[in-house]
Amino acid sequence: MMKKHRKPLTAAIAFLLTAGLLLSACTRSEESGGPAAGSADKGGTQAAAGEQIKLRLTLWGAPNEIAVNKKVIARFEAEHPNVKVELQQIPTDYDTKLTTMVAGNDEPDVAMMESATIAFPLAEQGKFLNLQEFLDKDPEIKTDSLVPNITYSSEPGNIIGIAPGPESFTLFYNEDAFKEAGLTPPPSKVSEAWTWEQFVDTAKKLTLDNKGRNADDPNFDPKNIKQYGVNPGNWWGAYSSFIFSNGGDFVSPDGKTFALNQPEAVEALQNIADLINKYHVAPSPLQAKNIPATNVALQTRKVAMVIDGQWNTSTLAESKVHFNVGVLPVMKKPATTVVCAMFSIFKSTKHPQESWELLKALIDPDASIEMLTYGTWMPSLKDWYTDDALLSKWAVNQPSRPSGYKDAVIDVVLNHSHATPTGYVKNFNKIMDIVNPAMDNVWLGKTTAKEAMDSIAAKAQAQVQGRRDVK
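Quantities reported herein were computed from a predicted structural model and do not represent experimental measurements.

Visitor: So what's going on with the sheet that holds strand β6 (residues 169-174)? Residues and values would help.
Guide: For sheets, the rule is that strands pair by backbone hydrogen bonds, running either parallel or antiparallel. Spatial ordering of the open sheet is given by β7-β8-β9-β6-β10, a layout of five strands whose pairing is mixed. The sheet is open, and its two borders are formed by β7 (208-209) and β10 (323-326), each paired with just one other strand. Relative to β10, β6 runs antiparallel, the two sharing four bridges. Within β10, the position partnered with Tyr173 by the bridge is Asn324. Packing of helix α17 (residues 405-416) onto the sheet brings it into contact with β6 and β10, and relative to β10 it is tilted by some 45 degrees.

Here it is, written out as structure tokens:
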């Protein structure tokens with residue numbers, strides 16, 4: 001569900017947002033013939049009996065995801081015969097097209113949103129209903145019913161979006177690579193998780209040059225590697241789990257200070273860079289260009305382990321590779337970052353309660369069981385992880401859910417997950433626009449993580465605007 005490596009809004013899009021918001025403020029209530037956005041209608045006035053209602057939903061997704069959402073809509077319409085849902089799929093340039101719709105006073109009722117780009121600029125203009133108010137009143141679903149870290153808030157108590165499920169990071173590995181090396185596979189239980197040192201030691205034994213020598217061999221040739229021990233990824237989603245594991249963060253707890261130059265974050269970043277430049281067990285960014293996607297990389301033994309999102313279980317299962325999942329190595333405490341798209345309700349909707357019912361249908365695990373068993377999605381509701389009968393529907397005896405999945409993914413998501421920084425760090429993209437080029441030099445071994453983060457700390461600090469999860 002998550003759109004990875006999304007680019008921030010351009011200045012042109014930002015201009016369209018501003019223009020559209022001014023136009024919307026002037027015309028929306030007159031055009032609708034109803035109360036102005038945010039008036040007493042907010043929170044869910046039910047439509048009159050027999051009234052025919054039309055809702056518009058915008059979203060993106062792969063063909064199989066769109067097919068499932070069409071089934072969800074058909075089921076919703078059958079249960080709500082007076083409601084018709086118009087599905088508007090936007091496969092490319094989603095943010096630009098939705099922004100143009102907002103600028104033209106043509107907002108959908110419900111929309112899939114991305115936390116890293118378009119959602120919070122719109123939220124800051126008051127474009128969304130507060131879903132906390134619906135959760136407080138709903139007899140079927142409450143805040144505590146949801147998996148941790150799948151709601152997004154513009155400030156405490158103001159939920160602007162709910163995800164259809166979490167996505168987390170885990171350690172994938174090729175079982176055959178471990179067997180051939182005579183090594184014990186990664187543990188799946190948090191209580192048995194590798195330390196970072198154990199992880200590095202194992203990665204050395206799994207890194208092979210073109211003559212079959214591993215990275216512990218004094219004759220090992222780091223310039224001619226045929227199998228890397230691990231591909232850890234070098235974007236913020238992958239390395240954030242280790243920053244959190246080491247007690248660090250992107251900004252300080254009060255949101256006032258840039259924190260990637262602090263010892264906890266610097267140590268985590270340097271540890272990952274050392275996999276590349278010190279131990280030669282991971283590909284550099286240049287070498288990684290020749291490393292295929294996770295499923296193919298493990299299948300072809302380009303790498304023995306990969307740190308990546310759990311959504312890869314679907315393609316790994318299709319590839320028929322002998323894969324499994326282990327819990328991420330721990331620096332100081334277990335942690336995985338949860339990333340996910342969200343569904344939001346525009347405040348301009350004429351039918352807030354029906355829009356809420358549609359949102360509930362979209363995040364209902366039972367309605368999207370195909371994507372859960374396939375392996376791309378995880379459920380939104382907590383009891384689908386804790387109730388054995390519900391768990392068996394999607395995470396037991398499935399090719400996409402190997403033996404280590406419950407401990408390494410499910411238990412960690414429930415008990416050791418951390419919110420994505422795109423959800424709580426204000427101005428995140430602007431901060432990372434400064435951080436990323438500096439980190440490129442760290443991955444290339446041109447500078448240390450401390451030197452890199454110290455060198456850009458002042459510029460990054462100028463972009464720090466606070467946290468959304470503190471008042």
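There is more to say after this.
Visitor: Explain helix α19 (residues 428-443) to me, using residue names and the numbers behind them.
Guide: Taking 1.5 Å of rise per residue, 16 residues should cover 22 Å, and α19 covers 21 Å from first to last C-alpha, within 8% of that figure. At Val435, α19 shows its strongest bend, of approximately 30 degrees, with the proline Pro437 following within four residues. Among all positions in α19, only Phe428, Asn429, Ile431, Met432, Ile434, Val435, Ala438, Met439, Val442 and Trp443 are buried. On its buried face, α19 is in contact with α8 (236-245), α9 (263-277), α10 (285-288), α18 (421-424) and α20 (449-463). One or two residues past the end of α19 sits Gly445, with phi positive at roughly 80 degrees.

Visitor: Which residues make up the nonpolar core, and what values go with them?
Guide: Among the nonpolar cores identified, the biggest contains 148 residues, and Tyr239, Phe250, Phe258, Met305, Trp394, Val435 and Met453 are the most heavily contacted of them. Looking at which element gives the most residues to this core, the answer is α19, with nine residues. What Val435 contacts, discounting residues up to four positions off in sequence, is Tyr239, Phe258, Leu260, Met453 and Ile456.

Visitor: Would you mind going over unusual backbone geometry in detail, with residue names and values included?
Guide: Positive phi, close to 65 degrees, is recorded for Arg301, a residue that is not glycine. Within the secondary structure, Arg301 sits in the loop between α11 (294-299) and β9 (303-309). Phi at Lys320 is positive, roughly 65 degrees, even though this residue is not glycine. Its place among the elements puts Lys320 in the loop between α12 (313-319) and β10. Take Lys320: its relative accessible area is 69%, and that puts it in the exposed class.

Visitor: Explain the pattern of salt bridges to me, and be specific about the residues and the numbers.
Guide: Taken as a whole, this structure holds 21 salt bridges when the rule is applied. A salt bridge links Arg468 to Glu124; the shortest N-O distance between them is 3.8 Å. Of the two residues, Arg468 sits in the segment after α20 while Glu124 sits in the loop between α4 (119-123) and α5 (131-137), which places them 344 residues apart along the sequence.

Visitor: An account of the environment of Lys382 is needed here, citing residue identities and associated values.
Guide: Take Lys382: it is sitting in the loop between α14 (369-374) and α15 (383-386). For the pair Lys382 and Leu414, spaced 32 residues apart in sequence, the C-alpha separation works out to 7.9 Å.

Visitor: Before we move on, can you summarise the packing of α8 against α9 with the specific residues and values?
Guide: Two numbers describe how α8 lies on α9: the axes approach to 8 Å, and their chain directions differ by 130 degrees. On the basis of their axis angle, the class for α8 and α9 is oblique. Considering only the axes of α8 and α9, their crossing is right-handed. For the pair formed by α8 and α9, the contact residues are Tyr239, Phe242 and Ile243 on the first element and Ala265, Ala268, Leu269 and Ile272 on the second. Grouping the amino acids of the contact of α8 with α9 by side-chain chemistry returns seven nonpolar, no polar and no charged.

Visitor: Outline the side chain of Ser188, supporting the account with residue identities and numerical values.
Guide: As for its position among the elements, Ser188 is in the loop between α6 (175-181) and α7 (196-206). What makes Ser188 buried here is its relative accessible area of 18%.

Visitor: Now, about the packing of aromatic side chains: what can you tell me, with residues and values included?
Guide: Within the structure shown, the criterion is met by 17 aromatic pairs. Between Phe134 and Trp356, the aromatic rings sit 5.3 Å apart at their centres with planes inclined by 25 degrees, giving stacked as the arrangement. Of this pair, Phe134 sits in helix α5 while Trp356 sits in helix α13 (residues 352-362); the two residues are 222 residues apart in sequence, bridging distant segments of the chain. Its relative accessible area of 1% is what places Trp356 among the buried residues. Between Trp235 and Trp236, the ring centres sit 5.3 Å apart and the planes meet at 70 degrees, which makes this aromatic pair edge-to-face. Each member of the pair, Trp235 as well as Trp236, is classed as buried. An aromatic cluster is defined as three or more aromatic residues linked by ring pairs; in this entry it consists of Phe169, Trp235, Trp236, Phe244, Phe250, Trp311 and Phe428.

Visitor: Tell me what's going on with the pairing of strand β3 (residues 110-113), and back it up with residues and numbers.
Guide: Across the two faces of β3 the burial is the same, with Val110 and Met112 and Ala111 and Met113 all buried. Sheet topology note: the strand β1 (residues 53-59)/β3 ladder contains two bridges and is parallel. Its bridge partner lying in β3, Leu57 is registered against Val110. Pairing between β3 and strand β12 (residues 342-345): four bridges, direction antiparallel. What sits directly across from Val110, in β12, is Ile345.

What counts, and where the lines are drawn
Per chain, residue numbering runs from 1 following the sequence as it is written. In keeping with the model being predicted, local features are shown solely for residues with a pLDDT of at least 70 and side-chain atom pairs are shown and tallied solely at 80 or more, while totals for entire chains, interfaces and linings include all residues. Excluding hydrogens and water, the side-chain figures rest on all heavy atoms present in the structure. Strands were regarded as paired on the criterion that DSSP finds at least two bridges between them. Helix and strand assignments come from DSSP, with helices taken as H or I runs of at least 4 residues and strands as E runs of at least 2, each series counted from the N terminus. What makes two residues a contact is simply this: any of their non-hydrogen atoms within 4.5 Å. Orientation is described by axes fitted as lines to C-alpha atoms, over the contacting stretch for helices, and by angles from 0 to 180 degrees between their N-to-C directions. The span expected for a helix works out to 1.5 Å for each residue beyond the first. Think of it this way: the bend at a residue is just the angle between two axes, each fitted to seven residues, one set ending at that residue and the other starting at it. Buried residues are those whose accessible area, probed at 1.4 Å on protein chains only, stays under 20% of the maximum for their type, while exposed residues exceed 50% and partly exposed ones sit between those limits. What we call a nonpolar core is a set of buried Ala, Val, Leu, Ile, Met, Phe, Trp, Tyr and Cys residues that are connected through their side-chain atoms within 4.5 Å. A side-chain nitrogen of Lys or Arg and a carboxyl oxygen of Asp or Glu constitute a salt bridge if their distance falls within 4 Å. Working rule for angles: under 35 degrees goes down as roughly parallel, over 145 as roughly antiparallel, 65 to 115 as roughly perpendicular, anything else as oblique. Definitions for this section: a left-handed crossing has its near helix turned counterclockwise from the far helix by less than a right angle. A right-handed crossing has that turn clockwise. The nonpolar class holds Ala, Val, Leu, Ile, Met, Phe, Trp, Tyr, Cys and Pro. Asp, Glu, Lys and Arg form the charged class, and all remaining residues, Gly among them, are polar. By convention, a stacked pair of Phe, Tyr or Trp rings (six-membered ring in the case of Trp) has centres within 6.5 Å and planes under 30 degrees apart, an edge-to-face pair has planes over 60 apart, and any other such pair is tilted.

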